[in-house]
Amino acid sequence: MTTATTAPAGRLTPSPRALAGGGLNALRRHPLLLVLALMVLVFQLTTGSFLDPGNLRGIATDAATLAIVAVPLALLVISGYLDLSVGSTLALGGLVAGWLAGQQHQSPAVAVLGALAVGAAVGAVNGILCCYFGLSAFIVTLGMLTAVRGLAQQLFPLPLSSFGSGFAWLGGSRIAGIDAPVFIAALVLVAGALFLALAPSGRHVFAIGVNREAAYLSGINIRRTPYALFVVTGVAAALAGAIKASVLDSVVAGTSGAGFELTVLTAVLLGGVALTGGSGSILGVLLGVLFLGCLQNGLTLLSVPTFWQQMAQGTALVAGAALAYFGPRLTR
């Protein structure tokens, strides 16, 4: 006869030392977490209103469009590529959506689909030139940044506004009690995390970023996956543009999305994604997005002049590059 034995209770409950070790490992993997917590504490102590529910809701809403683009861009950077045209694509997507909803009186669904189609086209051009023709992603997307912005100004020389109450739903409604932009951003974050964790193509992203030749010899299609990521990044940027147009009820070709490419790249680098490719995580990207959202909101609450805010964002970009370089070494 055999008797069932139960494991000691101490084995079922993690010891304080194990919990402390897990916390240290989390900080080594994501050092930005500690910096974010300290920054939130400082802003709360100095403003007294930073952690108010209304302010936190504003931070989440403002950061939503950044997160929507940061996730696919992070995947693209992990695979060894880059897209600097997302700011101009955001502007063109917002303009197309606003034009269809306001001037052409199309339904919100048609307006959004039109924007997504434009974003997919920009991403496809980037992907073909970079992945199939082997041109430098930095040079191609930098050129597309200017070209797409010029196209937007040529097609829509005047500001667009008054898109109708139906289109305003995209940026002003609530889904399951959550603001629509935040809900969409959450879906994108979850989809990105599941893609990296479960999809074979997610593992291919890392393999291509680490060593493209070795990935090719392993039978991985080193062109198709990055090309798809270029298209998805363009679609995400256009969607973010449509959301911004819905929230603001106006779009200006010359200024909409200006500098957005540097902001989203800063979030990606702050999140620990290596600019050289091969490493990164969606959780890190989320931390990077939250860091920038909290930083901008806190400085605004403190009435910090705009030029100081720009200096802070530039410093954050340098810090992000440093984290991307030293972060992997901290985990060894």
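Residues numbered from 1 in each chain as written. Predicted model: local features only at pLDDT ≥ 70, side-chain atom pairs only at ≥ 80, totals over all residues. Heavy atoms only, no water.

The chain goes by ABC transporter permease in an unreviewed UniProt entry, where it is assigned to Streptomyces resistomycificus. The UniProt entry for the chain carries the following comment under Subcellular location (unreviewed entry): "Cell membrane". (UniProt positions renumbered as here; feature names shortened; annotations may be inferred.)

Draft legend 1. Highlighting the UniProt feature "transmembrane region" (unreviewed entry) in the chain. UniProt marks residues 32-51, 63-82, 110-143, 182-206, 227-245, 251-275, 282-301 and 307-326 with the feature "transmembrane region" (unreviewed entry), using the numbering shown here. Counted over residues 110-143, helix gives 88% and strand 0%. Its end C-alpha atoms are 29 Å apart. As annotated, residues 227-245 has a helix share of 100% and a strand share of 0%, and its two end C-alpha atoms lie 27 Å apart. (Helix = DSSP H or I, 4+ residues; strand = E, 2+ residues; numbered from the N terminus.)

Draft legend 2. Highlighting the pattern of salt bridges. One pass over the structure, following the stated rule, counts 2 salt bridges. For Asp179, the salt bridge goes to Arg174, with nearest N and O atoms at 3.3 Å. According to the relative accessible area criterion, Asp179 is buried, its value standing at 8%. Connected via shared salt-bridge partners are Arg57, Arg174 and Asp179. (Salt bridge = Lys/Arg side-chain N within 4 Å of Asp/Glu carboxyl O. Buried < 20%, exposed > 50% of the residue type's maximum accessible area, 1.4 Å probe, protein only.)

Draft legend 3. Summary view of the layout of surface pockets. Estimates place the volume of the largest pocket at around 1,100 Å³. Lining the largest pocket are 42 residues; nearest its centre among them are Asp62, Lys244, Phe260, Thr263 and Gln296. Breaking the lining of the largest pocket down by element, the ones donating at least two residues are helix H4 (53-78), helix H5 (86-103), helix H12 (224-248), strand E4 (250-251), helix H13 (260-270), helix H14 (282-301) and helix H15 (306-330). A class-by-class count of the residues in the lining of the largest pocket yields 19 nonpolar, 21 polar and 2 charged. (1 Å grid on protein atoms, 1.4 Å probe; cavity = no way out; pocket = protein on both sides within 12 Å on 5 of 7 lines; lining within 4 Å. Points joined across faces, edges and corners; volume = space filled by probe spheres on them. Nonpolar A, V, L, I, M, F, W, Y, C, P; charged D, E, K, R; others polar.)

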